[in-house]
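Residue-level structural notes
Here is what each chain is made of, one letter per residue.
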There are 2 protein chains.
Amino acid sequence: MNYQHLEYFLKAAEYQHYTRAAEHLHITQPALTKAILGIEEEIGAPLFMKRGRNIELTKYGKIFFDYARRSLEEINHGISAVKHQVNSDLNTVNLSALCSINTTFLPKKSAQFHLAYPDCSLNITFKYTTAIIKDVSNYNSTFGLCGEFDNESEYTSLEKILLYTEPVKFVISRNHPLAHKKSVEAAELKNQPFAVYNVSTNGTNRLLYELCDGAGFRPKTLTAAYNDYGLINEVISNQCISIVSYTFYKQFQSLGFTELHIATSIPLIQKIYLVWVRDANLSPVARGFREILMSK
Amino acid sequence: MNYQHLEYFLKAAEYQHYTRAAEHLHITQPALTKAILGIEEEIGAPLFMKRGRNIELTKYGKIFFDYARRSLEEINHGISAVKHQVNSDLNTVNLSALCSINTTFLPKKSAQFHLAYPDCSLNITFKYTTAIIKDVSNYNSTFGLCGEFDNESEYTSLEKILLYTEPVKFVISRNHPLAHKKSVEAAELKNQPFAVYNVSTNGTNRLLYELCDGAGFRPKTLTAAYNDYGLINEVISNQCISIVSYTFYKQFQSLGFTELHIATSIPLIQKIYLVWVRDANLSPVARGFREILMSK
DNA sequence: GTCATTTACGTTTATCGTAAGTATG
DNA sequence: CATACTTACGATAAACGTAAATGAC
């Protein structure tokens, strides 16, 4: 069975006349005859009968007609739905990014994008580094904007490029016991609860582990969040310590947290990378967005 | 697009594994790959993406899946519906017959048929000769049992065979002015209203026209009925004259009508024919039923 | 090195058009 | 004899299987 031939059947049923139906289908009349004979063979019943020198539907043809029509309708709707989605995707860039990027960097770039591509959409979801690179790997997002991770042993299909670096800060609730200290040693954090990103050894989590390693302990991670807003919430309501970018810190410090200054030689800096799947063929819009992100 | 290939797609989507899906489909794995690539080309979007050394549905594949499933379901239901109808038709004989045949002849033959074919059905509709031969010509009925008609100039595709003859009677309402006359001349019927079969020059209508022709007038036909019950109804309620078979007359004369004896040399007899389409290929059951009708 | 998908290639099958054949009015 | 469906036949394209290649673990 063949959708083309079903179309032939529907047209033949509509006109009850092979020659005219064949004209409208842009095929020859014998081709139509053979196609119908093929369907008849397959369903085991005649679809048309001769009436004088014309044809008309048999009762089997009448029964079959509605099913055939609905079946064709369904598959055509399916094709339309996919084509529509493809078309919409061609005009949409999906981005998975760190919250901190939305404080200063992304708003500017987003504005540039919308000016350059007024008919296109930019979908942004805010997550943490490990989740972002998963999104990109899974093709859930075309691009990722995230912190440090290792794409030479693990995520080898990903391409990353350093966009900029930004300072990060340890933060605590204003009414936390350590909040009034001018500076604390890393070792003092040994039994403090941390709010970190869910099962991640990338981004700022990596910085925390490095710091604690240097002081000879593993940080006590109390809760896991999915983005910086989640971390801040834990810091304020559950007396946790966490790490956020300087720009994020500045924008939200009124919420009730403050900086915890740590005496350490480790540079409290986060690298921000742009990430994509190396062999993915990007739409023109996606390529344009990448240009915008990489421009000064 | 091709239903076979859609099935392939559904199985591949189900297993998310070409090799296993191909096994279940009894085709080779490269054939499956090519079929999927063909659909992808046609709908303009990838259906599967590689995930490690396996495959999984893309978002387009997921969108397309439900439409494809419903489309296949629909066409399979269509095929089932036709096959079911074919099967049921193989066990059913459709007969279009005169009412008079149901008084003595048909009940016997029907009983014989059901004894011989206990799992088969006999559908009978009661009409008048012209309608019966139309039913048979249109393949609405396999057989017809009707009166005289001309199949040598007009209905040349029909085969007819004389089964028997039966006397017919002119009938009138008991309170009709002519009801008490012992016998009337044909000429006396000139201004009487007749109940006849709808636009028919076959069967008993033919007899009536022949009789009136001989007396030099055209009968005044007041109403048209579709079978003998309709005629009788007109005879009783509208004071019409009509013609029914002797057996019918005997069975229903209690309803309020009586015989009108006409003085004529024309034999008041109707020939009863069995009719079918000459080249129709009859099912075994239909052939068996014909044997029963034609047997003594 | 094994498992899984893709590509290459030759064989078989299906589709379609041209042209001749058959049947109807 | 014109109209309309059917059959015959050859060219083109599609479908499928075998075998080799690529890629992931």
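This one's a predicted model, so the numbers in the text were calculated from it and none came from an experiment.

Points about the UniProt feature "domain: HTH lysR-type" (unreviewed entry) in chain A
UniProt marks residues 1–58 of chain A with the feature "domain: HTH lysR-type" (unreviewed entry), using the numbering shown here. For residues 1–58 of chain A, helix accounts for 62% and strand for 14%, while the C-alpha atoms at its two ends are 19 Å apart.

What about the protein's contact with DNA strand D?
Residues in close proximity to DNA strand D total 19 residues, the closest being Y18, T19 and Q29 of chain A together with T28 and G52 of chain B. In this structure, a phosphate oxygen belonging to DNA strand D sits 3.2 Å away from a side-chain N or O atom of H17 of chain A. Within the contact set of DNA strand D, a phosphate oxygen lies 2.7 Å away from a side-chain nitrogen or oxygen of T19 of chain A. Mapped by element, the contributors of at least two residues to the surface near DNA strand D are α2 (18–25), α3 (29–43) and β2 (54–57) of chain A together with α1 (3–15) and α3 (29–43) of chain B. Of the residues in the surface near DNA strand D, the class split is 8 nonpolar, 9 polar and 2 charged.

Some details on the packing of aromatic side chains
In this structure the tally under the stated criterion is 32 aromatic pairs over all chains. Taken together through their ring pairs, the aromatic side chains of F9, Y18, F48, F64 and F65 of chain A make up a single cluster. Against the face of Y273 of chain A rests K160 of chain A, its NZ or CZ located 4.5 Å from the ring centre. Positioned above the aromatic ring of Y209 of chain B, the side-chain terminus of R218 of chain B is 5.2 Å from the ring centre.

Side note on the interface of chain B and chain A
Interface size is commonly expressed as the accessible surface area that is lost when the partners come together. Taken together, the contacts link 32 residues of chain B with 32 residues of chain A. Where chain B abuts chain A, roughly 2800 Å² becomes buried across the two surfaces, and 65% of that area is made up of carbon and sulfur atoms. If you look at where chain B meets chain A, you find 4 salt bridges. A salt bridge links R70 of chain A to E74 of chain B, with the shortest nitrogen-to-oxygen separation between them at 2.8 Å. The set of elements that each furnish at least two residues to the side of chain B that touches chain A consists of α1, α3, β1 (48–51) and α4 (59–90) of chain B. Here the side of chain B that touches chain A gets 19 residues from one element, more than from any other, and that element is α4 of chain B. Of the residues in the side of chain B that touches chain A, the class split is 17 nonpolar, 8 polar and 7 charged.

Calculation criteria
- Residues numbered from 1 in each chain as written.
- Chains lettered and ligands numbered in written order.
- Predicted model: local features only at pLDDT ≥ 70, side-chain atom pairs only at ≥ 80, totals over all residues.
- Heavy atoms only, no water.
- UniProt positions renumbered as here; feature names shortened; annotations may be inferred.
- Helix = DSSP H or I, 4+ residues; strand = E, 2+ residues; numbered from the N terminus.
- Near = heavy atom within 4 Å.
- Polar contact = N/O pair within 3.5 Å; in protein donor to acceptor, adjacent residues only side chain to side chain.
- Nonpolar A, V, L, I, M, F, W, Y, C, P; charged D, E, K, R; others polar.
- Phe/Tyr/Trp six-rings, centres within 6.5 Å; stacked < 30°, edge-to-face > 60°.
- Lys NZ or Arg CZ within 6 Å of the ring centre and 35° of its normal.
- Contact = heavy atoms within 4.5 Å.
- Buried area = accessible area lost by both parts, 1.4 Å probe.
- Salt bridge = Lys/Arg side-chain N within 4 Å of Asp/Glu carboxyl O.

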